[in-house]
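Per-entry structural report
Okay, here's what each chain looks like letter by letter:
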Amino acid sequence: QVQLVESGGGLVQPGGSLRLSCVASGSIFSIRTMGWYRQAPGKQRELVAAITNDGSTNYADSVKGRFTISRDNAKNTVYLQMNSLKPEETAVYYCKARIIVTITFWSNDYWGQGTQVTVSS
């Protein structure tokens, strides 16, 4: 009974910016690493950026210097600020979180439903 809901996707021109958000809700005891992945048509899903619960970050080489991942632990929310977007970054962007649930204290990975980002003029 955990849900991740992404928002903030849309159509943007090359060189433009978007900010994605992902909110986790439900029977959450704690959230460990949160991350953003993307999947373009005909391609495998790939990691874009990840952030641990203590703020350590990891980025794909292709987005370093342009994308910034952050999180608000009080709101169970992770953000992805994307600047200088390129047409080849058109994809569905997914949020993933490693969550420890209440009662059982089991740890599982949960995925959001995805949000479409289209970079086109």
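In case you missed it, the structure is sitting above this.
Now for a description of the structure that goes with this document. (Residues numbered from 1 in each chain as written. Predicted model: local features only at pLDDT ≥ 70, side-chain atom pairs only at ≥ 80, totals over all residues. Heavy atoms only, no water.)

1. Let's talk about the packing of aromatic side chains
- One pass over the structure, following the stated rule, counts three aromatic pairs.
- Ring centres of Phe 29 and Phe 105 lie 4.9 Å apart, and the angle between their planes is 90 degrees; this geometry places the pair in the edge-to-face category. Here the residue Phe 29 occupies a position in strand 4 (residues 28–39), and Phe 105 occupies one in the loop between strand 9 (91–101) and strand 10 (107–111), the gap between them amounting to 76 residues.
- A residue is classified by how much of its surface remains accessible, and Phe 105, at 47% relative accessible area, is partly exposed.
- Between Tyr 94 and Trp 111, the aromatic rings sit 6.4 Å apart at their centres with planes inclined by 80 degrees, giving edge-to-face as the arrangement. Of the two residues, Tyr 94 sits in strand 9 while Trp 111 sits in strand 10, which places them 17 residues apart along the sequence.
- A relative accessible area of 36% means that Trp 111 is categorised as partly exposed. (Phe/Tyr/Trp six-rings, centres within 6.5 Å; stacked < 30°, edge-to-face > 60°. Helix = DSSP H or I, 4+ residues; strand = E, 2+ residues; numbered from the N terminus. Buried < 20%, exposed > 50% of the residue type's maximum accessible area, 1.4 Å probe, protein only.)

2. Side note on the pattern of salt bridges
- The full count for this structure, using the stated rule, is six salt bridges.
- In this structure, the salt-bridge partner of Glu 46 is Arg 38, at a minimum N-O distance of 2.7 Å.
- The exposure class of Arg 38 is buried, given its relative accessible area of 7%.
- Across the pair Lys 64 and Asp 61 runs a salt bridge whose closest N-O atoms are separated by 3.0 Å.
- The class of Asp 61 is exposed, set by a relative accessible area of 64%.
- One salt-bridge network, held together by shared partners, links Arg 38, Glu 46, Arg 66 and Glu 89. (Salt bridge = Lys/Arg side-chain N within 4 Å of Asp/Glu carboxyl O.)

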